[in-house]
Amino acid sequence: MSEAEKKRRARYIKNREKWIIILSSVIAGLTVATIIFSFAFASLNNSYNVSYTERGGIDYRVYLKENEFYDEQYQDMNEAYVTSLIDDVVVNFHYDMVMGKGDVDYGYTYTLESALEIIDTTSDIPIYNPVKVLKESGDSLDSKNTKLSINEIAVLNYVEYNELATDFIETYGLTKTKSNLVVTFNVTIISDFENLGNSSNTYTSQLRIPLTTETVNVEMFTSVPEAATKTIACSRGFGSEVCKIAAIIFGIVDGLAIIFLLAFIYLTRTEDITYATKVKRIVSRYKSYIQKINNIFDMSRYDVVSVNTFDEMLEIRDTIQAPILMYENEDKTSTMFIIPSEHKLLYLFTITMDSFVTPLAEEPIIEEEAITEEIIEEIVEEESVEEIAEEPEPEPEPEPEPEPEPEPEPEPEPEPEPEPEPEPEPEPEPEPEPVEEEIPNAVDVIDVVWPETKDKNKSYRYDPDGETLEEGDIVLVPTRDIASNKDVVREAEVSRGNYKIDSTTLSHPLRKIISVVRRKAEKVFISMINADEKE
């Protein structure tokens, strides 16, 4: 690789890392902002409870007409009164509230109403019930005071109400009726949230004065007992909504930035970046098992066995107790992981760039999706052996040179002595067929070839069952599925039939053949068809 190309690669990687750092910093800032506004919203959105004490009541006096029996102008509360002596009734409604916490935003409204109530005694349903608003606060009044005090005085013309009720009853000839003058005072405390529990934030006081009777007994009713304590829930105002909107906006932008960063990392990666990531992942994970070397390892004295995955290298390391050596070339395009053994076998696993090809590297077998894979129940120990080259075919015998044709006889001249004919060259004797030597501790093995890697054979142990396997036979053999990292069974074609090797040369256990699927079924079928055609 040229120096210019190396500089270009380094500059590209540096710029890419710079943009990744910038985008990561932006994402980190957006994430922090999202978290801050989310916590702010959570804290501001939580309502807080404030207890308050209510105190309410009614005071009234019954003012009398001039008479010869009472010296006072009025009678106090809780007495019986003669209807014909009553002139006016003065009622004082009062309400006091004390907040348990200062600086609380709340509002309140109140109304003071009177009603002439004529009720049918048989059904207890009002016949006539006009309502008159004596006083009201109108819109809600805001306050931040810890104390609230309301006092309202109503002067009721009892004579007027009594005459109106009497005229109504006499006009329509009603007999089974009762009449009352009802005065109601309502106070409502308003907060941002509804009150908790079953307590009500509305206070009601009511005074009921009988009409069209000879004597009057005033009844009073209040919904708040003396010094009653209640609770209201308050919010923290507009700030919670602002934090909520800000948290949502920052969260959406943060999510889009993360998607953009992932897309940028994926789309800007190159072959050398992918290669460097693979190497870095293995080195960081298995750092304690790997020893880096700076010089190229001399493989000429070894028989190289290519390994498909690094997990298999770890299994071989555990089996033969040898270190895993790592060498990366100067161009940073190929890394070799090597395990040399004492039996002149060298196990090799290589990671290369996609555009870089090394003759020592063997790409892992890619499993075909169409093939049904069965997971092996028992893990079969994989055996790796030295690949034995096929016996060379005998060279063809050289053809004898043709005899030279006789030249045409010249015109009569003195006949020269005939030259002796050249003797034919002796035919070369055929070379004797090689005699297989007996191999001590021999085991039967075969070579198989995968459909997607025609030029790469793998050796498997085979225990003959009375028959031998030949080239083209289909067998079931175990192998490793890279995607799932599990042993699976696949069909493979025999590239070389039974032959023997010395078991002492094996430094790693061999896998065994599972079973034979068929023996050149296609060829047998074709021969049967040809035989039928001949008949």
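Use the structure listed above.
Described in the following lines is the structure provided in the data block. Bear in mind that the values here come from a model prediction, so they are computed numbers and not experimental data. (Residues numbered from 1 in each chain as written. Predicted model: local features only at pLDDT ≥ 70, side-chain atom pairs only at ≥ 80, totals over all residues. Heavy atoms only, no water.)

1. Comments concerning the environment of Ile338
Mapped onto the elements, Ile338 comes out in strand β18 (residues 334–340). Residues Ile338 and Phe349, spaced eleven residues apart in sequence, show a C-alpha to C-alpha distance of 6.7 Å. Leave out the neighbours within four places in its chain, and Ile338 touches Phe297, Met299, Met313, Pro323, Ile324, Leu325, Leu346, Tyr347 and Leu348. (Helix = DSSP H or I, 4+ residues; strand = E, 2+ residues; numbered from the N terminus. Contact = heavy atoms within 4.5 Å.)

2. Quick look at the sheet that holds strand β17 (residues 324–328)
Sheet strands pair by backbone hydrogen bonding; their relative direction is either parallel or antiparallel. Spatially, β15-β17-β18-β19-β16 is the arrangement adopted by the five strands of the open sheet, whose pairing is mixed. The outermost strands of the open sheet, each flanked by one partner alone, are β15 (290–292) and β16 (303–306). When the angles between neighbouring strand axes are averaged without regard to direction, this sheet yields 35°. Of the pairings in the sheet, the one linking β16 to strand β19 (residues 345–352) comprises four bridges and is parallel in character. Bridge assignment links Asp303 to a residue of β19, and that residue is Leu345. Relative to the sheet, helix α4 (residues 271–285) contacts β15, β17, β18 and β19, its axis offset from that of β19 by approximately 130°. Sheet contacts for helix α5 (residues 310–320): β15, β17, β18 and β19; angle to β18, the most-contacted strand, approximately 25°. (Pairing = 2+ DSSP bridges. Axes fitted to C-alpha atoms, helices over the stretch in contact; angles between N-to-C directions.)

3. Here we look at the packing of aromatic side chains
The relative placement of two aromatic rings is captured by the distance of their centres and the angle of their planes. In total, this model carries 13 aromatic pairs according to the counting rule given. A ring pair is formed by Tyr110 and Phe185, whose centres lie 6.0 Å apart and whose planes are at 50°; its orientation type is tilted. Taken together, the residues span a long stretch of sequence, with Tyr110 in strand β5 (residues 106–120) and Phe185 in strand β10 (residues 177–190) at a distance of 75 residues. Taken together, a centroid distance of 5.0 Å and an interplanar angle of 50° make the contact between Phe168 and Tyr172 tilted. One end of the pair is Phe168 and the other is Tyr172, both in helix α2 (residues 158–172) and four residues apart, which spans about a single turn. Relative accessible area serves as the criterion here: at 56%, Tyr172 is assigned to the exposed category. A network of ring pairs unites the aromatic residues Tyr286, Tyr289, Phe310, Phe337 and Phe349 as a single cluster. Its end group placed over the ring of Tyr302, Lys344 keeps NZ or CZ at 5.8 Å from the ring centre. Taking NZ or CZ as reference, Arg496 lies 4.0 Å from the ring centre of Tyr499, over its face. (Phe/Tyr/Trp six-rings, centres within 6.5 Å; stacked < 30°, edge-to-face > 60°. Buried < 20%, exposed > 50% of the residue type's maximum accessible area, 1.4 Å probe, protein only. Lys NZ or Arg CZ within 6 Å of the ring centre and 35° of its normal.)

4. Notes on the nonpolar core
By size, the foremost hydrophobic cluster in this structure holds 38 residues, and its most contacted members are Tyr95, Phe185, Leu207 and Ile209. Put simply, the parts of the chain that give this core at least two residues each are β1 (48–64), β4 (86–99), β5, β9 (147–157), α2, β10 and β11 (202–211). The biggest single contributor to this core is β4, with seven residues. Not counting residues within four places of it along the chain, the set of residues in contact with Leu207 comprises Ile58, Tyr60, Val91, Phe93, Leu181, Val182, Val183, Val218, Glu219 and Met220. By size, the runner-up hydrophobic cluster in this structure holds 22 residues, among which are Val279, Ile282, Val305 and Ala322. (Core = buried A, V, L, I, M, F, W, Y, C linked by side-chain atoms within 4.5 Å.)

5. Quick word on the environment of Ala492
On the secondary structure map, Ala492 appears in strand β23 (residues 486–502). Remark: the alpha-carbon pair of Ala492 and Leu476, spanning 16 residues in sequence, is separated by 6.4 Å. Ala492 has contacts with Val448, Val449, Trp450, Asp473, Ile474, Val475 and Val477, leaving out every residue within four places of it along the chain.

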